[in-house]
Amino acid sequence: MKISLNWLKSYLDINQDAHKVAEILTDIGLEEEGIEEVESIKGGLEGIVIGHVKECGQHPNADKLSLTKVDVGAEELLQIVCGAPNVAAGQKVLVATVGTTLYTAEGEAWKIKKGKIRGEASHGMICAEDELGLGNDHSGIIVLPETVAVGTSAKDYYKVEKDTVYEIGLTPNRSDATSHIGVAKDLAAALKINYDSTANVQMPDVSSFTTDNNDLPVEVVVEDTVACPRYSGVSIKGITVGESPDWIKKRLAAIGVRSINNIVDATNFVLHELGQPLHAFDADKIAGKKVIVKKLANETEFDSLDEVTRKLHEEDLMICDGNEKGMCIAGVFGGINSGVTEQTTNVFLESAHFNAKMIRRTSTRHLLFTDAAKCYEKGSDPNITVYALKRAAMLIKELAGGEIASEIVDIYPEQILPKQVTVKYKNVSRLIGVDIPEAEIMTILDALEMEVVRKDEDAFVVAVPTNKADVIRDVDVIEEILRIYGFNKVPMPKQLRTSLINTKRPDKDQIQNTIADLLVANGLYETMSVSLTQSKYFKEILTNFEEKELVFINNTSNIHLDVMRPTMLFSGLETILHNQNRQMPNVKIFEFGKTYRTTEEGHQEEKCLSVFLTGMQEKESWLNDGKAKVHYYELKRLVENVLQRLGYAGYQQTAIKDATLSYGLKYHRGTQELVTFGKVDSGILKKMDIKQEVFYACFNWGNILKSLGKNKIGYTELSKFPSIRRDLALVIENSVNFEQIQGIAKKTGKKLLKAINLFDVYENEEQLGKGKKSYAVSFIFQDPSKTLKDKDIDKIMHNLIRNYEKDLGAVIRR
């Protein structure tokens, strides 16, 4: 929310400088997230002076240019080439001198320089409206009255206003601070308590409001008083829609609100002044001169102000005409057929209080986050509607003329009174951490306009103003007291008390960080995806999920993300697609996240670690050509490095092929799955429009953490004795895998075999035979208690060869 300091000063005397005000606002809970110096005219007309055209003649080398000499109050006249058709001798004009910075309509800066135009020197520029940001006219230069003094600064002539604008991080509980007067009241309270100020907020005077006649009465019917507890309105006839005066345009522009016309600007001004949204209807377009506040049938079409046809929800509250046709989504957005246009002469002005939850849901449902909706969803003040209506009506009369043509309609069947909250003094001291004298508490509450209804020795009862919708408990009142008393006045404790915490092992965060560091060190980037995904993925792409397994949600802010993800697959594929579409095909990522499913026992939530590899192994450089693609075994290496880092010494593996992976492996301990990984099915990639191979691993992080809790740390002394290596070349069937060779070696070598490694694979049908391959395998042997002799190793190798020949049908290449 943006707040203008000049605007604040129109209600409250503020002696502090802009940065001190920002500090005070932050101290009282209105955190200043940014501060900006703004000017009513961009650039502040710096370097622009008023000049007198002494001479004006035809440019010798151009038919449409004039050669002028201009007195700007300097020692010499300035020669300026001018292309405006209306320039003439004797005029008082605005001159941009050399070195002046001007701005285009898009805000781009450019500087006036000395130069030659068609051979004649030009030392400045005589300006038109649009060149200075004073208007949109470019038909000719600005001609000023003859009485204006030469050399006068344009910023003084136009009284350029400088302002300071704060960006306030308004929290959802601050319904009382959604406007300039709301902020001014909070600021006034802080200044009274902490800065000895006696200034009060000067509220706009509406005492002169009167009804001129009753020529344009509009009947109002509120069918849903829960959604609309109060509805006020008044008619104004004979207005003239036009441009707003500069003062109101400057106020709105300072906080980033674009001027529309004098009627709309008046309602926007009151919204940002009082925090009460208003809406102006063209009274001549209200069928039957009747307004009905009601909900329409589900799927009813409504043409909104942005020229979009929206389908209404049955819970959307609508402002309808006498034919029950929607004119406006209540408190959120207007309709295209009932708003104020240049032809409007009569208006019906609405000022209402709507249910905050209803407005928030409607706003979110239609993705219409308007200023009005932001005020209403925090909780508007039901007891300010008539005051705001009078303020806006009087402002419209001032800006657009007209007459108040009806009595104020005010439907308020059940008055909302200030809530009375009991607060105990001991709780004030206990929660704030300092004893605040009773008299000071009373002074603070008075400064906040919170009336103390009654009090005794132990407690007091306070009537909470209806603009503070979130102050409903004693702790809320205590927070209000603390905000104004000052957080910085609460002393820091001199003692620091702590207790020893016995962390449960394994430390989940530490393990996760360890593995994240490992993966980052291997060139991967960590991602963090939304846990929501699209159900269409499981209806059109990965169809092995039954609909009953999916956890559906009602996501009104993004209807496409309608299920909690049952797999990490699509989160990673969406990231890969996003990068691919931005010419970043080489992606190596990982993510710690959760998956969600519905089972017979209820909703199931699992922690996972996903890894995705696609594209090239390395970037192109002088060391490599960058043409080597990532492959399955690179992913396998990463998976095994992770398990090794976690301390897994042994696990089983099972080949898999399913709807997700066209081939891959599952590592497990019995029935406990640790990780599955492999190549993502090409059909899935095609439907996702991903044009290259993707390799994917998914660790069941929950199972890994469970098994780690059972692991015991052990150590083995480094051997003092040398190791011995032997190699074998085995010709085997293509169906035989390395795991079988490894298993036989471990059984045969027992404690002496320390490592086994596959270092070469050879395939040649002519030399080896059809369906055959050759594995070159190395074996490392070592005895921790003695130096091994050749005969010891020969015996083991003989048994290995025999077992390979018997169990695998292997032929030893000699």
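Residues numbered from 1 in each chain as written. Predicted model: local features only at pLDDT ≥ 70, side-chain atom pairs only at ≥ 80, totals over all residues. Heavy atoms only, no water.

**Q** Summarise the sheet that holds strand β20 (residues 317–320); cite the residues concerned and give the values.
**A** Sheet architecture is open: 5 strands sit in the order β14-β17-β20-β21-β22, paired in mixed fashion. Strand pairing shows two members of the sheet lacking a second neighbour, β14 (219–222) and β22 (333–334), which therefore form its edges. Relative to strand β21 (residues 326–329), β20 runs antiparallel, the two being bridged by 3 bridges. Residue Ile319 lies in a different strand from β21, and its bridge partner there is Cys328. (Pairing = 2+ DSSP bridges. Helix = DSSP H or I, 4+ residues; strand = E, 2+ residues; numbered from the N terminus.)

**Q** Run through the packing of helix α14 (residues 508–521) against helix α17 (residues 632–646), naming residues and quoting values.
**A** Packing of α14 against α17 leaves a shortest axis separation of 11 Å and a crossing angle of 145°. Our pair here, α14 against α17, has a crossing hand that is right-handed. Counting all contacts with α14, which are made through Ile511, Thr514, Ile515, Leu518 and Leu519, the residues of α17 involved are Leu638, Asn641, Val642, Arg645 and Leu646. Its residues assigned to classes, the contact of α14 with α17 comprises 7 nonpolar, 2 polar and 1 charged. (Axes fitted to C-alpha atoms, helices over the stretch in contact; angles between N-to-C directions. Left-handed = near helix turned anticlockwise from the far one by under 90°. Contact = heavy atoms within 4.5 Å. Nonpolar A, V, L, I, M, F, W, Y, C, P; charged D, E, K, R; others polar.)

**Q** I'd like a rundown of unusual backbone geometry, residues and numbers included.
**A** Residue Leu45 is not a glycine yet carries a positive backbone phi of 55°. Within the element layout of this structure, Leu45 appears in the loop between β2 (31–39) and β3 (48–58). Judged by relative accessible area, Leu45 falls into the buried class, the value being 4%. Positive phi, close to 50°, is recorded for Lys159, a residue that is not glycine. One can find Lys159 in the loop between α4 (154–157) and β13 (162–169). The exposure class assigned to Lys159 is exposed, which follows from its relative accessible area of 63%. (Buried < 20%, exposed > 50% of the residue type's maximum accessible area, 1.4 Å probe, protein only.)

**Q** Tell me about the pairing of strand β38 (residues 694–700), and please be specific about residues and values.
**A** Summarising burial for β38: 7 of the 7 residues are buried, a large majority. Of the two faces of β38, the one holding Val694, Tyr696, Cys698 and Asn700 and the one holding Phe695, Ala697 and Phe699 are both buried throughout. Note: strand β34 (residues 602–614) against β38, 7 bridges, orientation antiparallel. Bridge pairing in β38 links Val611 to Ala697. Pairing of strand β37 (residues 672–680) with β38 involves 5 bridges; the strand directions are antiparallel. Bridged to Val675 within β38 is Phe699.

**Q** Requested: an account of the packing of helix α6 (residues 246–254) against helix α7 (residues 262–274), with residues and values cited.
**A** Packing of α6 against α7 brings their axes to within 10 Å, and their N-to-C directions diverge by 50°. Judged by the angle between their axes, α6 and α7 are oblique. Of the two possible hands of crossing, α6 and α7 adopt the one that is left-handed. Here Trp247, Ile248, Arg251 and Leu252 of α6 lie close against α7, whose contacting residues are Asp265, Ala266, Asn268 and Phe269. A per-class count over the contact of α6 with α7 returns 5 nonpolar, 1 polar and 2 charged. (Parallel < 35°, antiparallel > 145°, perpendicular 65-115°, else oblique.)

**Q** Tell me about the pattern of salt bridges, and name the residues and values.
**A** In this structure the tally under the stated criterion is 37 salt bridges. Where Glu480 meets Lys468, a salt bridge forms, and the shortest distance between an N and an O atom there is 2.9 Å. Of this pair, Glu480 sits in helix α13 (residues 474–485) while Lys468 sits in the loop between β28 (459–464) and α13; the two residues are 12 residues apart in sequence, bridging distant segments of the chain. When sorted by exposure, Glu480 lands in the same class as Lys468, which is buried. Ionic pairing is found between Arg726 and Asp790, a salt bridge with its closest N-O pair at 3.5 Å. (Salt bridge = Lys/Arg side-chain N within 4 Å of Asp/Glu carboxyl O.)

**Q** Could you give an account of the layout of surface pockets, with specific residues and numbers?
**A** The space that makes up the largest pocket amounts to roughly 1400 Å³. Taken together, 42 residues line the largest pocket, and the ones lying closest to its centre are Ser40, Ile41, Lys42, Gly133 and Ala253. Elements supplying a minimum of two residues to the lining of the largest pocket: β2, β7 (101–103), α3 (129–132), β13 and α6. Of the residues in the lining of the largest pocket, the class split is 15 nonpolar, 11 polar and 16 charged. (1 Å grid on protein atoms, 1.4 Å probe; cavity = no way out; pocket = protein on both sides within 12 Å on 5 of 7 lines; lining within 4 Å. Points joined across faces, edges and corners; volume = space filled by probe spheres on them.)

**Q** Please give an account of the side chain of Glu634 that cites residues and values.
**A** Along the polypeptide, Glu634 turns up in helix α17. If we skip the residues at most four places from it in the chain, Glu634 touches Lys588, Leu613 and Gln617.

**Q** I'd love a proper account of the sheet that holds strand β26 (residues 419–424), names of residues and values included.
**A** Taken in spatial order, the 3 strands make up an open sheet running β26-β28-β27, and their pairing is antiparallel. Of all the strands in the sheet, just β26 and β27 (451–455) have a single pairing partner and so form its edges. Averaged over all neighbouring strand pairs, the angle between strand axes comes to 30°, with direction disregarded. As judged from the 6 bridges shared by β26 and β28, these two strands associate in the antiparallel manner.

**Q** Describe the environment of Val222, naming the residues involved and giving the relevant values.
**A** Topologically, Val222 is positioned in strand β14. Since its relative accessible area comes to 14%, Val222 is described here as buried. Note: C-alpha distance between Val222 and Tyr412 (190 residues apart in sequence) is 9.6 Å. Here Val222 is in contact with Cys228, Tyr231, Val293 and Ile411, once residues within four sequence places are set aside.

None of this, on its own, says anything about what the molecule does.
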